[in-house]
2 protein chains.
Amino acid sequence: MPVPAGAAAPALDLMTRHASVRSFRSDPLPAGALDRILVAAQSAPTSSNLQAYSIIVVSEPARRERLAELCGGQAMVRECPAFLVFCPDIHRLRHVCRRQNRPFQARFLEMFLLASMDAALAAENALLAAESLGLGACFCGSIRNNPQEVIDLLRLPEGTYALTGLALGQVRRQSEIKPRLPLRAIVHREHYSDEPMEDAVAEYDRVMAETRTYDGRHVSIAGEPPAPDDRFYGWAEHTARRLTRPETIAASASLRENLRRVLEANGWSFA
Amino acid sequence: MPVPAGAAAPALDLMTRHASVRSFRSDPLPAGALDRILVAAQSAPTSSNLQAYSIIVVSEPARRERLAELCGGQAMVRECPAFLVFCPDIHRLRHVCRRQNRPFQARFLEMFLLASMDAALAAENALLAAESLGLGACFCGSIRNNPQEVIDLLRLPEGTYALTGLALGQVRRQSEIKPRLPLRAIVHREHYSDEPMEDAVAEYDRVMAETRTYDGRHVSIAGEPPAPDDRFYGWAEHTARRLTRPETIAASASLRENLRRVLEANGWSFA
């Protein structure tokens, strides 16, 4: 391919080699690493330069212990030496409006989405920066399992919330790269098309069942016997179970139906 | 710093050198570049491996022309040889639930947020991949200015929408790196703190006013004379104007107050 290698290759390789690491050594991060990660995070694009996010660096063991509980008991939150929490933030923008004596009027879903996207872009840069330094990293969306308790623990003011955690540390056990849906399921030319969808899903489902990805991790449904054989439990069944009947599935696969209520009580509008 | 250089440096440098390019040559992308960008995008983390997004690759000039109009007349959408549209997507997940004969129950804000974050992470990887190949790239959030028209043009099914565009191409005019808020405004240790906020905002405001970032780009407010002097128009005033009185500011700074209504009409729930 005539695409330049050289300088490009490390970044592309870094991205395509991504695998979420969930097992960390207790060693602290190398000196200087956290600052580099934070600067890389802040270099991500931000909509209209609003920079509508904050990052909480959690290092104290007791606070990580409590966060691990709030994240449904995820051991990696306890084990990793540094846990970053990416928070969409319109608190700072409200301050700027007060400072300039102009009423803050962005009380729409758009503002929530913009701030959440800003935080997500910064988080992805942080993850890649950590991996480029040889560290392991894993997003932790389960920080949304108990949104009010996380707001309280991190003293998040009105107009902020915890979108995702990012566990960082020296790798104790490397993960394997997880296969993705065939590209034709994700990418459409000129306009959306359903045509390749079922074929791609069926292919991917077979791959995930054959590689026994879900051994011991079935989502159980109340009142149903467990799936008879891991060979027939693939991505489609795992995914469908996660997205059904919230009252019957495990807390670890929570649909987080309280999120809207908690966010509205904390200064976010969804008009 | 004892942090390893070598393999790490290119990816870190790539991120910290980011500057959104808005001016493209009409040359097509180098052979192979688009595939590499798409594979990098797909390698981004995805919550619970739901892969809840799609990417529309728009190359046809007439379609880019129409999209440029819908994005408020942004010339880069017309000029760039390839425009990627990142779409949060629960349409595919609904198909998977039907396929497995399980009712799709994830009708909550959480699902909208999860899908939007998946799409944002993939988009950031695509942007970095393009930049690593020496191409220019710029996110285009103005694709949310006219969400229903974009849905129609790209034939997006229920349960999808256009979160952001990404203009890609050979750089015609390089942009400068935009200064960011002092890191102490963004990063908090152990818990959120307001203490450094005003001082950091004031410092940043001076930097942005002194570098004349907003010359010729003031957000005008109906019934007010223009700001008297660019030296006193910095980030704070520009930002406050963008976030105030939606009926008086220019469409290019729209608060997009119709987004919720359009998304609810297209299969998204925010309970």
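Residues numbered from 1 in each chain as written. Chains lettered and ligands numbered in written order. Predicted model: local features only at pLDDT ≥ 70, side-chain atom pairs only at ≥ 80, totals over all residues. Heavy atoms only, no water.

## Side note on the overall build of chain A
Argument step 1. Counting its secondary structure elements, chain A contains 11 helices and five strands.
Argument step 2. In summary, chain A has a C-alpha radius of gyration of 20 Å against a globular reference of 18 Å for 271 residues, a match within 12%.
Argument step 3. Taken along its principal axes, the extent of the C-alpha atoms in chain A is 60 × 55 × 50 Å.
Argument step 4. Counting all 271 residues of chain A, 62% fall into the buried class.
Argument step 5. Taking the contacts inside chain A whose residues are at least 6 apart along the sequence as the reference set, 74% of them involve residues at least 24 apart.
Argument step 6. Counting every atom, chain A has about 10,300 Å² of accessible surface; 50% of that belongs to carbon and sulfur.
Argument step 7. Distance between charge centroids for chain A: 6 Å, based on 32 positive and 32 negative side chains. (Helix = DSSP H or I, 4+ residues; strand = E, 2+ residues; numbered from the N terminus. Rg over C-alpha atoms; globule rule 2.2 N^0.38 Å. Buried < 20%, exposed > 50% of the residue type's maximum accessible area, 1.4 Å probe, protein only. Contact = heavy atoms within 4.5 Å. Areas by Shrake-Rupley, 256 points an atom, 1.4 Å probe, with all protein chains shown as cover. Lys, Arg positive; Asp, Glu negative; His and termini not counted. Charge placed at Lys NZ, Arg CZ, Asp CG, Glu CD.)

## Brief notes about the sheet that holds strand S3 (residues 136–140) of chain B
Argument step 1. Strand order in the open sheet formed by five strands is S5(A)-S1(B)-S2(B)-S4(B)-S3(B), with mixed pairing between adjacent strands. Only two strands of the sheet have a single partner each, and these edge strands are strand S5 (187–189) of chain A together with S3 of chain B. The average undirected angle you get between the axes of adjacent strands in this sheet is 20°.
Argument step 2. The sheet contact formed by strand S2 (residues 82–88) of chain B and strand S4 (residues 164–169) of chain B spans five bridges and is antiparallel. Bridge pairing in S4 of chain B places Ala82 of chain B opposite Leu168 of chain B.
Argument step 3. The strands that helix H2 (residues 33–42) of chain B touches are S5 of chain A together with strand S1 (53–58), S2 and S4 of chain B; relative to S1 of chain B, the one it contacts most, it runs at about 165°. (Pairing = 2+ DSSP bridges. Axes fitted to C-alpha atoms, helices over the stretch in contact; angles between N-to-C directions.)

## Section: the sheet that holds strand S4 (residues 164–169) of chain A
Argument step 1. Pairing is mixed in the open sheet, where five strands are placed in the order S3(A)-S4(A)-S2(A)-S1(A)-S5(B). Each end of this open sheet is capped by a strand with a single partner; those strands are strand S3 (136–140) of chain A together with strand S5 (187–189) of chain B. On average, adjacent strands in this sheet sit at an angle of 20° to one another, irrespective of strand direction.

## Some words on the state of the cysteines
All names here are of chain B.
Argument step 1. Here the structure, examined in full by the defined rule, presents zero disulfides over all chains.
Argument step 2. Counting only cysteine sulfurs, Cys140 is the nearest neighbor of Cys80, a cysteine outside any disulfide, at a range of 8.5 Å.
Argument step 3. Considering cysteine sulfurs only, Cys71 is the nearest to Cys87, which forms no disulfide, with 12 Å between them. (Disulfide = S-S within 2.5 Å.)

## Some remarks on the pattern of salt bridges
Argument step 1. What the rule picks out here adds up to 38 salt bridges over all chains.
Argument step 2. Between Glu237 of chain B and Arg102 of chain A there is a salt bridge whose closest N-O contact spans 2.8 Å. With Glu237 of chain B in helix H10 (residues 235–242) and Arg102 of chain A in the loop between helix H5 (91–99) and helix H6 (109–132), this residue pair bridges two chains.
Argument step 3. In this structure, Asp215 of chain A and Arg212 of chain A form a salt bridge, with 3.3 Å as the shortest nitrogen-oxygen distance.
Argument step 4. In this structure Arg212 of chain A comes out as partly exposed when scored by relative accessible area, which is 38%.
Argument step 5. Overlapping salt bridges, with partners in common, bring together Arg102 of chain A together with Glu224, Glu237 and Arg241 of chain B in one network. (Salt bridge = Lys/Arg side-chain N within 4 Å of Asp/Glu carboxyl O.)

## Considerations on the interface of chain A and chain B
Argument step 1. Opposite the 126 residues of chain A that make contact, chain B presents 126 residues.
Argument step 2. Taken together, the two surfaces of chain A and chain B that pack against each other cover about 11,400 Å², and 63% of this comes from carbon and sulfur.
Argument step 3. When the area that chain A buries against chain B is broken down by residue, the three leading residues are Arg102, Glu190 and Tyr192 of chain A, summing to 8%.
Argument step 4. If you look at where chain A meets chain B, you find 14 salt bridges.
Argument step 5. Arg99 of chain A is paired through a salt bridge with Asp205 of chain B; the nearest N and O atoms lie 4.0 Å apart. (Buried area = accessible area lost by both parts, 1.4 Å probe.)

## Overview of unusual backbone geometry
All names here are of chain B.
Argument step 1. Of note, the phi angle at Ser48 is positive, near 50°, even though the residue is not glycine.
Argument step 2. Mapped onto the elements, Ser48 comes out in the loop between H2 and S1.
Argument step 3. With a relative accessible area of 36%, Ser48 lands in the partly exposed category.
Argument step 4. Phi angles above zero are rare outside glycine, and Asn101 is one such case at about 60°.
Argument step 5. Here Asn101 lies in the loop between helix H5 (91–99) and helix H6 (109–132).
Argument step 6. A relative accessible area of 71% places Asn101 in the exposed class.

## Digging into helix H3 (residues 61–70) of chain B
Count 3.6 residues to each turn of an α-helix, and residues three or four apart come out pointing the same way.
All names here are of chain B.
Argument step 1. Of the residues making up H3, those classed as buried are Arg63, Arg64, Leu67, Ala68 and Leu70. End-on view of H3: buried residues confined to an arc of 160°, all on one side of the axis. For H3, the exposed residues lying more than 90 degrees away from the buried face are Pro61 and Ala62.
Argument step 2. Structurally, H3 contributes buried residues whose contacts are with S1, helix H4 (75–79), S2 and helix H7 (147–153). (Arc of directions from axis to C-beta.)

## Brief notes about the environment of Pro10 of chain A
Residues and elements named next belong to chain A.
Argument step 1. Looking at the secondary structure, you find Pro10 in helix H1 (residues 8–16).
Argument step 2. What makes Pro10 partly exposed here is its relative accessible area of 27%.
Argument step 3. Sequence separation between Pro10 and Val21 is 11 residues; the distance between their C-alpha atoms is 19 Å.

## Some points on the packing of helix H9 (residues 197–210) of chain A against helix H10 (residues 235–242) of chain A
All names here are of chain A.
Argument step 1. Look at H9 against H10: their axes get within 7 Å of each other, and the N-to-C directions meet at 100°. Judged by the angle between their axes, H9 and H10 are roughly perpendicular. For the pair formed by H9 and H10, the contact residues are Val201, Tyr204, Asp205 and Met208 on the first element and Trp235, Ala236 and Glu237 on the second.
Argument step 2. For the contact of H9 with H10, the residue count by class is five nonpolar, no polar and two charged. (Parallel < 35°, antiparallel > 145°, perpendicular 65-115°, else oblique. Nonpolar A, V, L, I, M, F, W, Y, C, P; charged D, E, K, R; others polar.)

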